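# Fold and contact review
So the chains spell out like this:
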Amino acid sequence: MTRAEVEVLDFIASLNACWTKGDPEDLRDYFHQDMVAVTPVDREPRVGREACVAGWAGFAGSADILSWTERGHRVRIFGDAAVVTYCYELRCRMGGATLTLAGRDMFFLVRESGRWWAVADQFSSFPA
């Protein structure tokens, strides 16, 4: 694995720990100002850092996150850009029920001023 691939995987792990174990408002340190997210719960894409932070913070605020795991990471580096895909499993309590949400995630990152930023994310549950 190259140094850049390790940096990208560390970035993704830190980003996900931020909202699953920490303060989702700190995602401002990971999401590019022009971040775009296509999610399974929003009809239209979330556009801009603040809209994306609000989406993640809204979910984290409504759920008691019990666990988050990732597997099967694939990283592709293209100069100062990277694509990361992986599968996830999230266990949480919402509305008195314990849920397991599993699916796949794809981030597009750019490196600006020597650091990585998430500029796009698309995630979805596994097909039935």
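A few points on the structure. (Residues numbered from 1 in each chain as written. Predicted model: local features only at pLDDT ≥ 70, side-chain atom pairs only at ≥ 80, totals over all residues. Heavy atoms only, no water.)

### Section: the pattern of salt bridges
In the structure shown here, the tally under the stated rule is seven salt bridges. Residue Glu25 pairs with Arg28 through a salt bridge whose shortest N-O separation is 2.7 Å. Taking the relative accessible area as the measure of exposure, Glu25 reaches 36% and is therefore partly exposed. The class for Arg28 is partly exposed, based on a relative accessible area of 31%. When the shortest N-O distance is used, the salt bridge between Asp64 and Arg93 registers 3.0 Å. In this pair, Asp64 sits in strand β3 (residues 64-78) while Arg93 sits in strand β4 (residues 81-94), placing the two residues 29 residues apart along the sequence. Since its relative accessible area comes to 40%, Asp64 is described here as partly exposed. Judged by its relative accessible area of 41%, Arg93 falls in the partly exposed class. Residues participating in the shared-partner salt-bridge network are Arg3, Glu7, Asp80 and Arg111. (Salt bridge = Lys/Arg side-chain N within 4 Å of Asp/Glu carboxyl O. Buried < 20%, exposed > 50% of the residue type's maximum accessible area, 1.4 Å probe, protein only. Helix = DSSP H or I, 4+ residues; strand = E, 2+ residues; numbered from the N terminus.)

### What about the layout of surface pockets?
Of the pockets and cavities examined, the largest pocket occupies roughly 470 Å³. Lining the largest pocket are 21 residues, and of these Trp19, Pro40, Val41, Phe59 and Phe123 lie nearest its centre. Put simply, the parts of the chain that give the lining of the largest pocket at least two residues each are α1 (3-21), α2 (49-62), β4, β5 (97-112) and β6 (115-125). Looking at which element gives the most residues to the lining of the largest pocket, the answer is β5, with four residues. Considering only residue class, the lining of the largest pocket consists of 13 nonpolar, four polar and four charged. (1 Å grid on protein atoms, 1.4 Å probe; cavity = no way out; pocket = protein on both sides within 12 Å on 5 of 7 lines; lining within 4 Å. Points joined across faces, edges and corners; volume = space filled by probe spheres on them. Nonpolar A, V, L, I, M, F, W, Y, C, P; charged D, E, K, R; others polar.)

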